[in-house]
Amino acid sequence: MGLGIALVSASVAKLPVKIFDLNSKQIEKGLSFMDSLLEKDIVKNRITRDHANETKARITTSNSIHELSSADFVIEAVSENVDLKRKIFTELDEVTHKDTILATNTSSISITKIAAATKKPDKVIGMHFMNPVPVMKLVEIIPGLATSDRTLDVTKKLATSMGKTCTQSEDVPGFIANRLLMPYINEAVMVLEQGIATREDIDTTMKLGTNTPMGPLTLADFIGLDTCLAIMKVLHNEIGDTKYRPALLLQKYVDAGWLGKKTGRGFYEY
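Calculation rules
Residues numbered from 1 in each chain as written. Predicted model: local features only at pLDDT ≥ 70, side-chain atom pairs only at ≥ 80, totals over all residues. Heavy atoms only, no water. Domains from an automatic or database assignment. Contact = heavy atoms within 4.5 Å. Salt bridge = Lys/Arg side-chain N within 4 Å of Asp/Glu carboxyl O. UniProt positions renumbered as here; feature names shortened; annotations may be inferred. Helix = DSSP H or I, 4+ residues; strand = E, 2+ residues; numbered from the N terminus. Polar contact = N/O pair within 3.5 Å; in protein donor to acceptor, adjacent residues only side chain to side chain. Pairing = 2+ DSSP bridges. Axes fitted to C-alpha atoms, helices over the stretch in contact; angles between N-to-C directions. Parallel < 35°, antiparallel > 145°, perpendicular 65-115°, else oblique. Left-handed = near helix turned anticlockwise from the far one by under 90°. Nonpolar A, V, L, I, M, F, W, Y, C, P; charged D, E, K, R; others polar. Buried < 20%, exposed > 50% of the residue type's maximum accessible area, 1.4 Å probe, protein only.

A. Representation of the domain arrangement of the protein. Looking at the protein, the domain boundaries give domain 1 (1–168) and domain 2 (177–261). Distance from the C-alpha centre of domain 1 to the C-alpha centre of domain 2: 27 Å. With ten residues of domain 1 in contact, the opposing surface of domain 2 contributes seven residues. For the interface between domain 1 and domain 2, the tally reads one salt bridge.

B. Highlighting the UniProt feature "domain: 3-hydroxyacyl-CoA dehydrogenase NAD binding" (unreviewed entry) in the protein. The residues that UniProt annotates with the feature "domain: 3-hydroxyacyl-CoA dehydrogenase NAD binding" (unreviewed entry) are residues 1–171. Helix makes up 42% of residues 1–171 and strand 19%. Its end C-alpha atoms lie 21 Å apart.

C. Representation of the UniProt feature "site: Important for catalytic activity" (unreviewed entry) in the protein in the model. In the UniProt entry, the feature "site: Important for catalytic activity" (unreviewed entry) is given for His 128. Within the secondary structure, His 128 sits in strand S5 (residues 124–129). Setting aside anything within four residues of it in sequence, one finds His 128 in contact with Thr 104, Asn 105, Thr 106, Ser 107, Leu 138, Val 139, Glu 140, Ile 142 and Asn 178. A polar side-chain atom of His 128 sits 2.7 Å from a polar atom in the side chain of Glu 140.

D. Region of the structure containing the sheet that holds strand S3 (residues 73–76). Read from one edge to the other, the open sheet built from five strands follows the order S3-S4-S5-S6-S7, with strand pairing classed as mixed. On the outer flanks of this sheet lie S3 and strand S7 (165–168), each paired with one strand and no other. The sheet shows a mean angle of 30° between the axes of neighbouring strands, taken without regard to direction. Across four bridges, strand S6 (residues 138–143) lies against S7 in parallel orientation. Following the sheet pairing, Leu 138 is matched in S7 by Thr 165. Here helix H4 (residues 82–95) sits on the sheet in contact with S3, strand S4 (101–104) and S5, set at roughly 165° to S4.

E. Examining the packing of helix H7 (residues 177–193) against helix H8 (residues 199–210) more closely. Direction vectors running N to C along H7 and H8 enclose 140°, while the axes themselves pass 9 Å from each other. It follows from the interaxial angle that H7 and H8 lie oblique. Considering the relative orientation of H7 and H8, their crossing is right-handed. The residues of H8 that touch H7, namely those facing Tyr 184, Ala 188, Val 191 and Leu 192, are Arg 199, Ile 202 and Met 206. Taken together, the residues that form the contact of H7 with H8 break down as six nonpolar, no polar and one charged.

F. Representation of the packing of helix H9 (residues 216–223) against helix H10 (residues 225–239). Close contact between H9 and H10 brings their axes to 6 Å; oriented N to C, the two are set at 100°. Accordingly, the angle class assigned to the pair H9 and H10 is roughly perpendicular. Along its contact with H9, which presents Ala 220, Asp 221 and Ile 223, the element H10 presents Leu 225, Thr 227 and Cys 228. For the contact of H9 with H10, a count of residues per class yields four nonpolar, one polar and one charged.

G. Focus on the pattern of salt bridges. Tallying each qualifying case throughout the model produces 14 salt bridges. Lys 18 serves as the salt-bridge partner of Glu 67, at 3.7 Å between the closest nitrogen and oxygen. Note that Glu 67 is positioned in the loop between strand S2 (59–62) and S3 and Lys 18 in strand S1 (residues 17–20), a separation of 49 residues in sequence. By relative accessible area, Lys 18 is classed as partly exposed at 34%.

Rendered as structure tokens:
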């Protein structure tokens, strides 16, 4: 997700971008993947080679958070772990200047809770991109309890400059997209768990019967079963309604390390 956000920022919005990750190998892997995406766009005549080279020239990398000190806008895109996000935002609050806007790409966690880890909650906002970022046109914008109007306005303008369409949600568990999507995926897992239908029949029914680009189990594998489970747990814990209880089979697959496409096995094998 972070790589995709960096790519559209540099390629579409034409902004200078710094990618930060403690893992140098992860950065190298990401840059290699970015090269392959740009190369595909060149082959398909979507961009020129000059555009690709200019995009890459706008991107620098770092494994030191202190090198973000001059950033005007920071977008965090780590896993759905509230403690990890709060730790990072505390560190960002210390190294960035007072006017830096700090956005989180969380798909379910409270913006207000993340913002409370900083001394400038008015500069903290949710900016939930859809995966894959270079392809999907939507960004959910989520102001926290203390988010200022200026922060909201700048964030919307940034998203628009990236070629995205914005929707705005209240700071509630799951926001709009995952409040609707994850219970749908979770119910599909329960249908599989109960032996009502095979994985293929579940996906084919929803794909051809409701005109969705992929079935719910395929989509879950693409998102990552660990991410789906984390979001369902947030919904269940924060809202307290049993209808958000994660399917036992979803928990079992995550326990087994079958996280979907990224590990080669989820509801399907890859």
